[in-house]
Amino acid sequence: MTASILRAARCFRHIGYIRYVHCVRFALVLAALPLMLAFSGTAHAERLKDLVQIQGVRDNPLIGYGLVVGLDGTGDQTTQTPFTTQTLTNMLANLGISLNNGNGGSSSNMQLKNVAAVMVTAVLPPFARPGEAIDVTVSSLGNAKSLRGGTLLLTPLKGADGQVYALAQGNVAIGGAGASANGSKVQVNQLAAGRIASGAIIERSVPTQVAQAGGTMQMELNEMDYDTTQRIVAAVNNAFGPGTALPLDGRTIQVHAPADAGQQVAFMAQLENIDVRPAQAAAKVILNARTGSIVMNQMVTLQSCAVAHGNLSVIINTQTAVSQPGAFSNGTTVATRQSQIQLKQDNGSLKLVTAGANLAEVVKALNALGATPADLMSILQAMKAAGALRADLEII
């Protein structure tokens, strides 16, 4: 700090008073920079838009059923997917082409290879207006081998109320590749689903009402937490004045916004950029029973307990034995299968798990057991039942 002021003084002697003022200001900024970095390293705040959602501002899912044509022999096998043939017949009838015309034409004997029945899904974003384009996802409904190179025909997309909100059509983009020959097959990624960028045009908008009567709106926390709710209310009232935000419960906050629509946009822009430091999450351990993954947050702690763990394995060895023809077997060779079953159990010793006050100590204590993730899931559940695991268990 002193050296910076001396440099500013020398700057005053040579370049005058005005430049001296600028040098002093620059010196003060340099002196305060380490302190600013120290505070920024310890603070951990998040924007309000990452913690809450505005009630009424939401997406709406859309779904439709259609046909993809132009496939290179990789479409549905119509003998096994009769709905593909029926859909094509109805579409051609709407275009003025009748297959059951009494001249031998019939939809029952059509053998299609370049057509596939698909489900089309999309998401209608909030404040969307007619004429805007949205992306759609196209997924095979039958037994088509691939949708690569196909074109989705005009497909209406409906909402939960049965109304048509968008029309989809376009070329399907597939992110995978594959080939098969003489019984051999190789495939990369998924070939039965693709995407059409800007493939649907919105035809109907959904009314979105953000502010209620009196200019009030409600914010909903992504995760219910009373402490975080109170911190958000304090931050909003500190930025816009007392009484602007009012907590209704542990998840919902009522906010008084301007009545004018134009002022509401500016108010929401400032509101979403308020920095709030959320409260520490509750101690939780997530167990994925399908993959064996175990994830725990930093609030998990352990109390001292004793655990005995031993692996139990069953080994089945099956061999095929051939018996030679004998006098009572009519000269035929008989193949028999013989199985040997072994039960193996490792010795499990009683181990003491010491108490862990932070996540690193918890991980170290669990690793000392030498258990596999599948066994560790059972051990954690037993620890929770015994009261030694200070966390909530959630199995997904």
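All of these numbers come straight from a predicted model, not from anything done at the bench. (Residues numbered from 1 in each chain as written. Predicted model: local features only at pLDDT ≥ 70, side-chain atom pairs only at ≥ 80, totals over all residues. Heavy atoms only, no water.)

J.: Please explain the overall build of the protein chain as it appears in this structure.
T.: Within the protein chain, the regular secondary structure consists of seven helices and 23 strands. Within the protein chain, the proportion of its 396 residues that are buried is 30%. Relative to all contacts within the protein chain whose residues are 6 or more apart in sequence, the contacts with residues 24 or more apart total 68%. (Helix = DSSP H or I, 4+ residues; strand = E, 2+ residues; numbered from the N terminus. Buried < 20%, exposed > 50% of the residue type's maximum accessible area, 1.4 Å probe, protein only. Contact = heavy atoms within 4.5 Å.)

J.: Explanation requested: a nonpolar patch on the surface in the structure shown.
T.: Taken together, Tyr65, Phe83 and Leu141 make up a surface patch of nonpolar side chains, about 240 Å² in accessible area. In this fold, Phe83 is placed in helix α3 (residues 82–94). (Patch = residues over 30% accessible without salt bridge, like charges linked within 9 Å, V, L, I, M, F, W, Y side chains within 5 Å. Areas by Shrake-Rupley, 256 points an atom, 1.4 Å probe, with all protein chains shown as cover. Salt bridge = Lys/Arg side-chain N within 4 Å of Asp/Glu carboxyl O.)

J.: Which parts of the structure should I look at to understand the sheet that holds strand β15 (residues 284–287)?
T.: Backbone hydrogen bonds are what pair the strands of a sheet, in a parallel or an antiparallel way. Spatially, the three strands line up as an open sheet ordered β16-β15-β23, and their pairing is mixed. A strand with exactly one partner marks an edge of an open sheet, and here the two such strands are β16 (294–296) and β23 (392–395). Each strand of the sheet is rotated relative to its neighbour by a mean of 20 degrees, with strand direction disregarded. Pairing geometry for β15 and β16, over three bridges, is antiparallel. Across the sheet, the residue bridging to Leu287 is Ile294, located in β16. (Pairing = 2+ DSSP bridges. Axes fitted to C-alpha atoms, helices over the stretch in contact; angles between N-to-C directions.)

J.: Could you clarify how one ought to interpret the pattern of salt bridges in this entry?
T.: Pairs may arise between side chains of opposite charge once their charged atoms sit close together. The full count for this structure, using the stated rule, is six salt bridges. Across the pair Glu394 and Lys284 runs a salt bridge whose closest N-O atoms are separated by 3.5 Å. With Glu394 in strand β23 and Lys284 in strand β15, this residue pair connects regions lying 110 residues apart in the sequence. When its relative accessible area of 33% is taken as the criterion, Glu394 is described as partly exposed.

J.: For this particular structure, what's the right way to read helix α6 (residues 359–367)?
T.: Along an α-helix, residues three or four positions apart point the same way, because every turn accommodates 3.6 residues. Among the residues of α6, those classed as buried are Val362, Ala365 and Leu366. With its buried residues spanning 95 degrees around the axis, α6 presents them on a single face. For α6, the exposed residues lying more than 90 degrees away from the buried face are Ala360, Lys364 and Asn367. (Arc of directions from axis to C-beta.)

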